[in-house]
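Next come the chains, spelled out residue by residue.
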Amino acid sequence: MSIKYWEFEDAPLKEKLKRPSVREVAKIYFENETRAYRFSMALTEVKKRGSLRLKECGAELPLATWKRYLDFGVTVGLLKHEANVYSFTDRYSKPFRNIPIYIKSWIDEGKPEDLQVVFAAARTGRQQRRGGRQAIEDAGTWQQPTAPANQG
């Protein structure tokens, strides 16, 4: 976590509260643009719907990625996970002081944000498969490998 505490001192906080953005919230926890984008997608979906189930998540990201970032939100105290539903909570860390004020301001603001513009440098597409189990549609084409014949 790369929390730059001076960005959330009283004077900069007053300026930031004029236009709260999910980018600032995600950048508190991730320096990597792609990870911040994915975390902000999860937070934005929860904000839009009020509460979110894993089966309601979009196809933009794999289900495991949605779960990883939603669970991270639970770990850091932004979200709660009860009865298979993710929703916002007020369990912020006391040492952060002004950061909870900023996050609460962003949650309460109703303005939608275009994450493609906010995180312009992030890789937004799905990653290509790197192995693992075969897809269900390929299951019928798999054949038992044959042992190589003795060459000697």
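Every residue gets a number counted from 1 within its own chain, in the order that chain's sequence is written. Thresholds applied to this predicted model are a pLDDT of at least 70 for local features of residues and 80 or more for the giving and counting of side-chain atom pairs; totals over whole chains, interfaces and linings are not thresholded and use all residues. Heavy atoms from the whole structure form the basis of all side-chain values; hydrogens and water molecules are not counted.

## A word on the packing of helix α3 (residues 33-49) against helix α4 (residues 63-75)
And step 1. Packing of α3 against α4 brings their axes to within 9 Å, and their N-to-C directions diverge by 80 degrees. When the axes of α3 and α4 are compared, the pair comes out roughly perpendicular. Along the contact surface, α3 presents Arg 35, Arg 38, Phe 39, Met 41, Ala 42, Glu 45 and Val 46, while α4 presents Thr 65, Trp 66, Tyr 69, Leu 70, Phe 72 and Gly 73.
And step 2. Nonpolar residues are Ala, Val, Leu, Ile, Met, Phe, Trp, Tyr, Cys and Pro. Charged residues are Asp, Glu, Lys and Arg, and all others, Gly as well, are polar. Among the residues forming the contact of α3 with α4, the class breakdown is eight nonpolar, two polar and three charged. Note on definitions: angles span 0 to 180 degrees between N-to-C directions of axes, and those axes are lines fitted to C-alpha atoms, for helices only across the stretch in contact. Going along the chain from the N terminus, every DSSP run of H or I of four or more residues is numbered as a helix, and every run of E of two or more is numbered as a strand. Should an angle fall under 35 degrees it is called roughly parallel, over 145 degrees roughly antiparallel, and 65 to 115 degrees roughly perpendicular, with every other angle called oblique. Whether two residues are in contact is decided by their heavy atoms, any of which lying within 4.5 Å being enough.

## A look at the sheet that holds strand β2 (residues 79-82)
And step 1. Should DSSP find at least two bridges between two strands, the strands are regarded as paired. Ordered by their spatial adjacency, three strands build an open sheet running β1-β3-β2, and the pairing between neighbours is antiparallel. The open sheet has two edge strands, β1 (51-52) and β2, and neither has a second partner.
And step 2. In terms of strand pairing, β2 meets strand β3 (residues 85-88) through four bridges, oriented antiparallel. Note that in β3 the partner of Glu 82 across the bridge is Val 85.
And step 3. Packing of α4 onto the sheet brings it into contact with β1, β2 and β3, and relative to β2 it is tilted by some 110 degrees.

## A short note on the environment of Gly 58
And step 1. Along the polypeptide, Gly 58 turns up in the loop between β1 and α4.
And step 2. Note on exposure labels: buried denotes an accessible area under 20% of the residue type's maximum, exposed denotes more than 50%, and partly exposed covers the range between, all computed with a 1.4 Å probe on protein chains only. Among the residues examined, Gly 58 registers a relative accessible area of 25% and is labelled partly exposed.
And step 3. Here the alpha-carbon distance between Gly 58 and Glu 45, two residues 13 residues apart in the chain, equals 9.0 Å.

## Some details on the nonpolar core
And step 1. Counting residues in each nonpolar core, the largest one holds 33 residues, and the members touching the most others are Tyr 29, Phe 39, Leu 43, Leu 70 and Leu 78.
And step 2. Looking at this core, the elements that each hand over two or more residues are α2 (22-29), α3, α4, β3 and α5 (99-108).
And step 3. Here this core gets seven residues from one element, more than from any other, and that element is α3. Throughout, nonpolar core names a set of buried Ala, Val, Leu, Ile, Met, Phe, Trp, Tyr and Cys residues whose side chains join them through atoms within 4.5 Å.

## Overview of the packing of aromatic side chains
And step 1. A pair of Phe, Tyr and Trp rings is counted when the ring centres sit within 6.5 Å of each other, with Trp represented by its six-membered ring. The angle between the planes then sorts it: under 30 degrees is stacked, over 60 is edge-to-face, the rest tilted. In this structure the tally under the stated criterion is eight aromatic pairs.
And step 2. Ring plane angle 65 degrees and centroid distance 5.6 Å describe the contact between Phe 30 and Phe 39, whose orientation is recorded as edge-to-face. Of the two residues examined, Phe 30 and Phe 39, each falls in the buried class.
And step 3. With a centroid separation of 6.1 Å and an interplanar angle of 70 degrees, the aromatic rings of Tyr 37 and Phe 119 are classed as edge-to-face. Separated by 82 residues along the polypeptide, Tyr 37 in helix α3 and Phe 119 in the segment after α6 (115-118) bring together distant segments of the chain.
And step 4. Exposure remark for Tyr 37: the relative accessible area of 4% places this residue in the buried category.
And step 5. For Phe 119, a relative accessible area of 0% gives the class buried.
And step 6. Only when the NZ of Lys or the CZ of Arg is both within 6 Å of the ring centre and within 35 degrees of the ring normal is a charge said to sit over the ring. Seen from the ring of Trp 106, Lys 47 lies directly overhead, with NZ or CZ sitting 4.5 Å from the centre.

What is shown is where atoms sit, not what they do.
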